[in-house]
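Fold and contact review
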Amino acid sequence: MSNFLMMKLGMGFSANETGSSARATRAERFAADREAVRRVIGFGISDEEFDQAPDVLGDIWGIVTDKARGFPARSASPGS
């Protein structure tokens, strides 16, 4: 992936992380994503179980943001 593309992704992610409307949008997306996972796997997972799972997508976005900003590489998340 080019540095330019990583920079654009990182800046877009950072810009989307601010503001109360962004938090509300993110909460709606999380709820929709959790419902989609429940339908695909065919059995219920509580919100608490989702909250205990590793934040893989968040880790990926963090890595992209760090690379776009020129920070050193992250290590794996604790517990993964």
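Since the structure is predicted, the reported quantities are computational estimates derived from the model, not experimental observations.

Of regular secondary structure, the protein possesses four helices and zero strands. Secondary structure elements of the protein occur, N-terminal to C-terminal, as α-α-α-α. As presented, the protein carries roughly 6200 Å² of accessible surface, and 60% of it is formed by carbon and sulfur atoms.

Pairs can form between side chains of opposite charge whenever their charged atoms are close. Applying the stated rule across the entire model yields four salt bridges. With a closest N to O distance of 2.6 Å, Arg 34 and Asp 51 form a salt bridge. With a gap of 17 residues between them, Arg 34 in helix H2 (residues 20–41) and Asp 51 in helix H3 (residues 47–52) connect regions that are remote in the sequence. Its salt-bridge partner being Asp 47, residue Arg 38 comes within 2.8 Å of it at the nearest N-O pair. Exposure remark for Arg 38: the relative accessible area of 17% places this residue in the buried category. Judged by relative accessible area, Asp 47 falls into the partly exposed class, the value being 37%. Connected through salt bridges with shared partners, the residues Arg 34, Glu 35, Arg 38, Asp 47 and Asp 51 form a single ionic network.

Of all residues in the protein, 68% attain a pLDDT of 70 or more, and the chain-wide mean is 75. The least confident element of the protein is helix H1 (residues 3–16), whose mean pLDDT is 54; the most confident is H2, at 86.

Its 14 residues give helix H4 (residues 56–69) an end-to-end C-alpha distance of 20 Å, which sits within 8% of 20 Å, the value for a rise of 1.5 Å per residue. Within H4, the full set of buried residues consists of Gly 62, Val 64, Thr 65 and Asp 66. One side-chain oxygen of the residue at the start of H4 lies 2.9 Å from the amide nitrogen of Gly 58, identifying that residue as Asp 55. Backbone geometry just after H4 places Gly 70 at a positive phi near 80 degrees.

Thresholds, definitions, all that
- Residues numbered from 1 in each chain as written.
- Predicted model: local features only at pLDDT ≥ 70, side-chain atom pairs only at ≥ 80, totals over all residues.
- Heavy atoms only, no water.
- Helix = DSSP H or I, 4+ residues; strand = E, 2+ residues; numbered from the N terminus.
- Areas by Shrake-Rupley, 256 points an atom, 1.4 Å probe, with all protein chains shown as cover.
- Salt bridge = Lys/Arg side-chain N within 4 Å of Asp/Glu carboxyl O.
- Buried < 20%, exposed > 50% of the residue type's maximum accessible area, 1.4 Å probe, protein only.
- pLDDT = per-residue confidence, 0-100.
- Expected span 1.5 Å × (residues − 1).
- Polar contact = N/O pair within 3.5 Å; in protein donor to acceptor, adjacent residues only side chain to side chain.

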